Amino acid sequence: MAVADQRPLKVALLGCGTVGAEVVRLLHSSAGDLAARVGAPLELAGIAVRRLQKSRDLPVDDALFTTDAAALVARDDIDVVVEVIGGIEPARTLLLSALGSGKGVVTANKALLAEDGATLHAAARESGADLYYEASVAGAIPLLRPLRESLAGDHITRVMGIVNGTTNFVLTRMDEAGMGFAEALDEATALGYAEADPTADVEGFDAAAKAAILAGLAFHTRVTAGDVHREGITEVTAADVASAKEMGCVVKLLAIAEKDGNAVGVRVHPAMIPRSHPLGTVREAYNAVFVEGASAGQLMFYGRGAGGSPTASAVLGDLVAVARNTLSGARGAGESSYADLRIQPMGEVVTRYHISLDVADKAGVLAAVAGAFATHDVSIRTVRQEGHAGDASLVVVTHTATDAALQAVVDELRGLDTVRAVASVMRVEGTE
Ligand code: NDP
Ligand code: HSE
């Protein structure tokens, strides 16, 4: 049957903000191509928003807008529901209603997937509906489907990425312009990279949600945001960034998920990484994710992780996939959590530390400091000392040890008479 003769597939759009408005524009401007790619026209059948009176300047009939999202989702003629409202409620109730009635769902909602993805997946499984969420992690970058499909025959060992554009912009300005955290965040806000309330970004909540989704897919295990060890970038100082520079490193907010035996460790924290590492070259608001597979080796995914247009690209890709499945009666891959790995506590994770100390410049200080490391069986890799008239700064970089052992060393150093201050502690990643 010719595409034009096919019954249009009806799409309900929930939310029409930064991402939703771009979805509307792309559905309009690419209607012919999308119909040809799907095999049937995609018809926007309704758009749920919070404020009907808001001026939107979009190429659609005003009559499509409604504030009754639940009624829109419940309509019998809707084939696919696209959710770009965000947050937990009402998004969860709306998506459970859509999936429960067998409608395919496309969502960009990382917060919901990381908090309660299992319930959504169960609803999709029971009704045989599709649940696609490529846009929820790293915006435009095709990453979740490669993990879920292209790499389904491999064993992923590690996923390490920069998955938050706002914090990467801030850290780039601290590195390249010598700014402090507050000044760099002000610039990010002025340029529209940071939201009015940047807490979710700078405290690492956004990256932790994305890390949970990535870890779940990579390691076939249910991981929630609460399972992720999380530290943000608010404590990163200009001195940390300068210290990283001296080592040929750059500070990045990393999301890391790695397998260790029958456990998976998932963490988000700032870390020093060599400038020569592929992630060390990722600047400004870009995202990049480095995946290591037992057979595939090292893979790098790079691109725009946020913004209306890049995120809408990923939403449209999912919409085409779900629409094709709807037409052919097929179904995309569902949740895979068979491995059911144990979530590794942060204390068991093996890492390296960079520690800066302000100490008295006198005999025995180095021995006392070295003793603290020896007590906890942490091997020192390098020590650098600079003295200034009775005071000295010591920079110690360790070999790998468990995070618990490294924390114990730092606690002991804080108690030494000869150590005036532990100026900074930061993990080091991506070195041999
Ligand atoms: P916005 O805040 O810009 O838009 C949210 C939309 O949802 C608005 O249109 C709003 O209506 C509507 N809305 C809010 N509450 C309700 C409700 N109760 N019923 C119906 N509609 C409602 O969000 P974004 O577009 O930035 O983000 C959407 C999703 O995409 C989130 O899950 C986010 O995490 C994700 N995402 C966003 C990215 C980005 O760069 N912005 C990148 C990747 C993912 P109104 O317009 O009337 O206010
Ligand atoms: N606030 C997020 C970021 C948007 O800065 O990356 C994309 O999830």
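All figures in this text were calculated on a predicted structure; none of them were measured in a lab.

Parsing the chain into structural domains produces domain 1 (3-139 + 309-328), domain 2 (144-305) and domain 3 (346-428). For domain 1 and domain 2, the distance between their C-alpha centres works out to 28 Å. Each partner contributes residues to the interface: domain 1 has 18 residues there, and domain 2 has 19 residues. Of the roughly 1,500 Å² buried where domain 1 meets domain 2, counting both sides, 60% is carbon and sulfur surface. Every element with two or more residues in the side of domain 1 that touches domain 2 is listed here: α5 (110-127), β6 (131-132) and α12 (308-328). Among the elements that take part in the side of domain 1 that touches domain 2, α5 stands out by supplying six residues, more than any other. Among the residues forming the side of domain 1 that touches domain 2, the class breakdown is 10 nonpolar, three polar and five charged.

Along strand β5 (residues 104-107), one buried face is formed by G104 and V106 and the opposite face, lined by V105 and T107, is buried too. In the sheet, strand β4 (residues 80-83) pairs with β5 via four bridges, with the strands oriented parallel. Paired with V82 across the bridge in β5 is V106. You can see the chain leave β4, run along helix α4 (residues 91-100) and come back into β5, and the turn it takes is right-handed. In this fold, the crossover linking β5 to β6 by way of α5 has right-handed handedness.

On to the site of ligand 1. Surveying the vicinity of ligand 1 reveals 22 residues, the closest of which are C16, V19, R51, R56 and G307. R50 is positioned with one of its side-chain polar atoms (N or O) 3.0 Å from an oxygen atom of ligand 1. One of the backbone nitrogen or oxygen atoms of G307 is found 2.7 Å away from an oxygen atom of ligand 1. Contact with the protein chains hides 79% of the accessible area of ligand 1, taken as 900 Å² for the molecule alone. Counted by class, the shell around ligand 1 contains 10 nonpolar, seven polar and five charged residues.

Right, let's get into empty space enclosed by the protein. In total, this model carries two cavities of 30 Å³ or more according to the counting rule given. Space inside the largest cavity adds up to approximately 50 Å³. Along its surface, the largest cavity is lined by G161, I162, V163, N164, T167, N168, A207, L253, L254 and A255. Elements represented by at least two residues in the lining of the largest cavity include exactly β7 (156-162), α7 (165-177) and β9 (249-260). Broken down by element, the lining of the largest cavity gets its largest block of residues, three residues, from β9. Looking at side-chain class alone, the lining of the largest cavity contains six nonpolar, four polar and no charged residues. There is about 40 Å³ of room inside the second largest cavity. Together, Y132, Y133, E134, L144, R145, R148 and D318 line the second largest cavity. For the lining of the second largest cavity, the element with the highest residue contribution is helix α6 (residues 144-150), accounting for three residues. A breakdown of the residues in the lining of the second largest cavity according to their chemical character gives three nonpolar, no polar and four charged.

What counts, and at which threshold
- Residue indices begin from 1 for each chain and proceed along its sequence in written order.
- Lettering of chains starts at A and numbering of ligands starts at 1, both following the order in which they are written.
- Where local features are concerned, this predicted model is filtered to residues with pLDDT of at least 70; where side-chain atom pairs are given and counted, the filter is 80 or more; whole-chain, interface and lining totals use all residues.
- For the side-chain quantities, the full set of heavy atoms in the structure was used; hydrogens and water were omitted.
- For the domain bounds, the source is a domain assignment made automatically or taken from a database.
- Any two residues whose heavy atoms approach within 4.5 Å at even a single point are treated as in contact.
- Buried surface area refers to the total accessible area, computed with a probe of radius 1.4 Å, that the two partners give up upon joining, counted for both partners together.
- Strands here mean DSSP runs of E at least two residues long; helices mean DSSP runs of H or I at least four residues long; both are numbered from the N terminus.
- In this count, Pro and Cys sit with the nonpolar residues alongside Ala, Val, Leu, Ile, Met, Phe, Trp and Tyr, while Asp, Glu, Lys and Arg are called charged and the others, Gly among them, polar.
- The rule is simple: take the accessible area with a 1.4 Å probe, protein chains only, and divide by the maximum for that residue type; under 20% is buried, over 50% is exposed, in between is partly exposed.
- DSSP-based pairing: two strands are paired if at least 2 bridges between them are found.
- Call a crossover right-handed when, viewed with both strands pointing away from you, the route from the first strand across the helix to the second goes clockwise.
- Consider each residue's heavy atoms; a residue with any of them within 4 Å of a molecule or strand counts as near.
- Under the rule applied, a polar contact is a pair of N or O atoms within 3.5 Å (in protein, one hydrogen donor and one hydrogen acceptor; residues adjacent in sequence only if both atoms are side-chain atoms).
- The protein chains shown are the only cover counted for residues, whose accessible areas, like all others here, come from Shrake-Rupley with a 1.4 Å probe.
- Within this scheme a cavity is a closed region of a 1 Å grid, computed over the protein atoms alone, that accommodates a 1.4 Å probe without allowing it to escape, whereas a pocket is open but has protein on both sides within 12 Å along at least five of seven lines; lining residues each have an atom within 4 Å of a point.
- Grid points are joined across faces, edges and corners, and a volume is the space filled by probe spheres set on the points.

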